[in-house]
Amino acid sequence: MDRQVHHGPAGWSQGDGAQVTAGRPPLSAGMSARTENEPANRPPAVRCEGLTKQYGSKRALDGLTLEVPQGRVVGVLGPNGAGKSTLFRVLAGLVQPDAGRVEVAGQLPGWRTNRQIAYLPDRARWYREHTVRDAFRYAEQFLLGFQPEQALELAAWMQLDLDLRAGDMSRGQEARLMLILCIARRVPVILLDEPFAGIDAVSRARITEGLVARIGGGETTVLVSTHELAEVEALFDHAVFLNAGRVLMQGPADELRRRGGSMQEIMQQLYV
Amino acid sequence: MEESWLEEGHVRPVPLRALVRQDFRLSCRRPRLNQGWWMLYVIGVAVLAVGFATYFGRRGDFDPRPVWFATLGFVFAGFGFGIGVVTNEWKNSTVGWWLSLPVPRWRLAASKWMSALLRGWLLLLVVCVALALLGLYALALGGRLNPAEAARYLGFGAAVGGLVAAVLPGAAAFGVFYGAIAKSRWRPAIPLIWLAVSGSWWLVAVHHGSPQAGAPAAGGPDGFGPLWTASTWQAVLASWLVGFGLVGAAAHVLDRRLQL
Amino acid sequence: MRDDAVHERKVGPLTFRLDLSQPLYEQILEQMRAAIARGELPLGEKIPSVREMAQALRVNPNTVSHAYQELERDGLTETRRGQGTFVTAEPARVDQFRTAIAEQAVNEFVDRMQALGFGWNDIDRLLDERKAKGGA
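Since the structure is predicted, the reported quantities are computational estimates derived from the model, not experimental observations.

**Focus on the overall build of chain B**
Move 1: Each helix and strand counted, chain B has nine helices and zero strands in total.
Move 2: N-terminal to C-terminal, the α/β element order of chain B is α-α-α-α-α-α-α-α-α.
Move 3: Within chain B, the proportion of its 260 residues that are buried is 42%.
Move 4: Within chain B, counting contacts between residues at least 6 apart in sequence, those at least 24 apart form 81% of the total.

Given below as structure tokens:
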């Protein structure tokens, strides 16, 4: 099927109409992270330099270097074991790197910086005796910048019954609850580690919509790690591809699309 | 528009009280039995206890005071509660939420310790009240319910129960520390901890006479020696100090020694 | 070509087709321009806010906002403080834009033809043949 067909009657063909994938330049590493309207004086939301973390004989992070500008929605992509979760745990201050430097919002990660970070842990569950309402009360007490009205709005919109106990929820409902707890916060950095893992398509769509409702506008930097890209990848305006604890490639999403196609296609090319 | 959420004014500390309430709720989670089974167990235990009390009460010639030694089990329960309230975060996959709370680690550890302790004390109180009622009931059945007998029975209960309550802080702290170690890179050191514990127990026993065996065996006019001697006070005080240190050590483990 | 990379989304009277293997910003911009040029979005009509559009398309709001800024630079839309963004009320603006795009398309067409060695006569003949075939 020819690509132009997809642009449909509403779309104009781009460029000279000879849109062949083969004409793209080869993928390259170390693409510039900055784009034109990037204020230079703001510190990056996340800065890692030579991060290394070893678990026994396995290197989870192997000299990872990364800089994420503020206000971006960043897809942290890569296969299982690429180091995504370890990176997030380091950023959330749960894990101390063996070597290297790391800064979140200009500070060393730790419990103090967690005031400014909303972190959705990998494979997390919620406290099962909590109802949605209880969870919101918990968040009000413990999670700084949590906005109850916004959480209630999101819950209504994502069709989450406020009196439902986490223990009685489906995985999808629980995932929605945990996402709300993170995105209903007014914080400069949101870290979502695999928010879509093991979730039905309906919940995935709801979560995507919930995310769109909260992201953008340059206030909050969102890092989302995922290996399920369908639907979600349109949310990213920046992508980082990891492999074996290192950054394989990164850059603005549209730039990457122009060079290598969709994130999914790039994944397939990178990790064969 | 550019109202900053980074300013210190926005940052209010998380109160320890709220943390303890959350942890307490977590630690008191009942096993997932349905309401009917739960009632059945409660009624079963109550019937059994009243049955025993009735049997011994009617025999009439016994000393009910040793039943108070049942509360010694709470020392171990306190240890268990301490372990459980920490390791439950892992078991329930909530550990990521817990550890990313914007709270100093010592406060996380102290809250776990307090909730385990609170749970131990509450259950101890319930059991002590039940034992008091049962004992008095048994005395009444044997026709010996006079102020002197009742005071002797309850006084002994207060001494034993008070000792257990006084030792619980240390036991719960040891549990919290043990739970944290079990989830840390120091996990292989656990046998070492047991060696140290049994070693120091042995040392104490050699120097002061075993507090465990001493109490029921040593003869006094009543058959029981006084429980609260100077060395008891010393031991309790020492257990508090050690417990304090263990909670601090648990905080350190949570901060940088976890296996995540 | 992967079909699963293409998503069709309805936003009010408009239908967008987004191909995830192409830059999204350009696709949104082009399809909005086309909708205005063809009158699918009438003059003076209010267009959805950045967030509404982003939610309907399920794309990053920054991307939509970027495209909206470009539309405004084109003169096709204008933002009224506190009211939102509207398609320009002046037909001349849209005409001007259409003409400019048309001229660009003609230039590209002629350039290609000439690169292939066709002269004006050949081009006329080809266009006449195309016209005779009919269609839009």
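**As for the environment of A:Val132**
Move 1: For A:Val132, the position within the fold is in helix H3 (residues 132-142).
Move 2: The residues touching A:Val132, leaving out its near neighbours within four places in the chain, are A:Leu160, A:Asp161, A:Leu162, A:Leu164, A:Met169 and A:Leu177.

**A look at helix H3 (residues 61-74) of chain C**
All names here are of chain C.
Move 1: Its 14 residues give H3 an end-to-end C-alpha distance of 20 Å, which sits within 8% of 20 Å, the value for a rise of 1.5 Å per residue.
Move 2: Regarding H3, the residues found buried are Pro 61, Thr 63, Val 64, Ala 67, Tyr 68, Glu 70 and Leu 71.
Move 3: Residue Asn 60 occupies the N-cap position of H3, its side-chain oxygen lying 2.7 Å from the main-chain nitrogen of Asn 62.

**A short note on the side chain of C:Thr63**
Move 1: The topology assignment puts C:Thr63 in helix H3.
Move 2: Residues in contact with C:Thr63, not counting those within four places in the same chain, are A:Asp254, C:Leu24, C:Tyr25 and C:Ile28.

**Description of the nonpolar core**
Move 1: One finds A:Leu87, A:Trp126, A:Phe136 and C:Met32 to be the most contacted residues of the largest nonpolar core, which totals 169 residues.
Move 2: The element contributing the most residues to this core is helix H6 (residues 147-182) of chain B, with 17 residues.
Move 3: Residues contacting A:Phe136, with those up to four places away along its chain left out, are A:Phe146, A:Ala151, A:Leu152, A:Ala155, A:Leu162, A:Leu177, A:Ile180 and A:Leu181.

**Topic: the sheet that holds strand S3 (residues 46-47) of chain C**
Move 1: Reading across from one edge, S3-S5-S4 (chain C) is the order of the three strands in this open sheet, with antiparallel pairing throughout. Unpaired on one side and paired on the other, S3 and strand S4 (77-80) of chain C mark the two borders of the sheet.

**Some remarks on the packing of aromatic side chains**
Move 1: In the structure shown here, the tally under the stated rule is 19 aromatic pairs over all chains.
Move 2: Between A:Trp126 and A:Tyr138 the ring centres are 5.1 Å apart and the planes differ by 85°, which places this aromatic pair in the edge-to-face class. Here A:Trp126, found in the loop between strand S5 (117-120) and H3, pairs with A:Tyr138, found in helix H3; they are 12 residues apart in sequence, far enough to count as distant. Considered together, A:Trp126 and A:Tyr138 belong to a single accessibility category, that of buried residues.
Move 3: Geometrically, the ring pair formed by B:Phe69 and B:Phe156 is edge-to-face, given 5.6 Å between the ring centres and 80° between the ring planes. In this pair, B:Phe69 sits in the loop between helix H2 (35-59) and helix H3 (73-91) while B:Phe156 sits in helix H6, placing the two residues 87 residues apart along the sequence. Both residues of the pair, B:Phe69 and B:Phe156, belong to the buried class.
Move 4: Feature note: the residues A:Trp126, A:Tyr127, A:Tyr138, A:Phe142 and B:Trp97 constitute an aromatic cluster, connected by ring pairs.
Move 5: Between B:Arg65 and the ring centre of B:Phe156, over which it is positioned, the NZ or CZ distance is 5.4 Å.

What counts, and at which threshold
Residues numbered from 1 in each chain as written. Chains lettered and ligands numbered in written order. Predicted model: local features only at pLDDT ≥ 70, side-chain atom pairs only at ≥ 80, totals over all residues. Heavy atoms only, no water. Helix = DSSP H or I, 4+ residues; strand = E, 2+ residues; numbered from the N terminus. Buried < 20%, exposed > 50% of the residue type's maximum accessible area, 1.4 Å probe, protein only. Contact = heavy atoms within 4.5 Å. Expected span 1.5 Å × (residues − 1). Polar contact = N/O pair within 3.5 Å; in protein donor to acceptor, adjacent residues only side chain to side chain. Core = buried A, V, L, I, M, F, W, Y, C linked by side-chain atoms within 4.5 Å. Pairing = 2+ DSSP bridges. Phe/Tyr/Trp six-rings, centres within 6.5 Å; stacked < 30°, edge-to-face > 60°. Lys NZ or Arg CZ within 6 Å of the ring centre and 35° of its normal.

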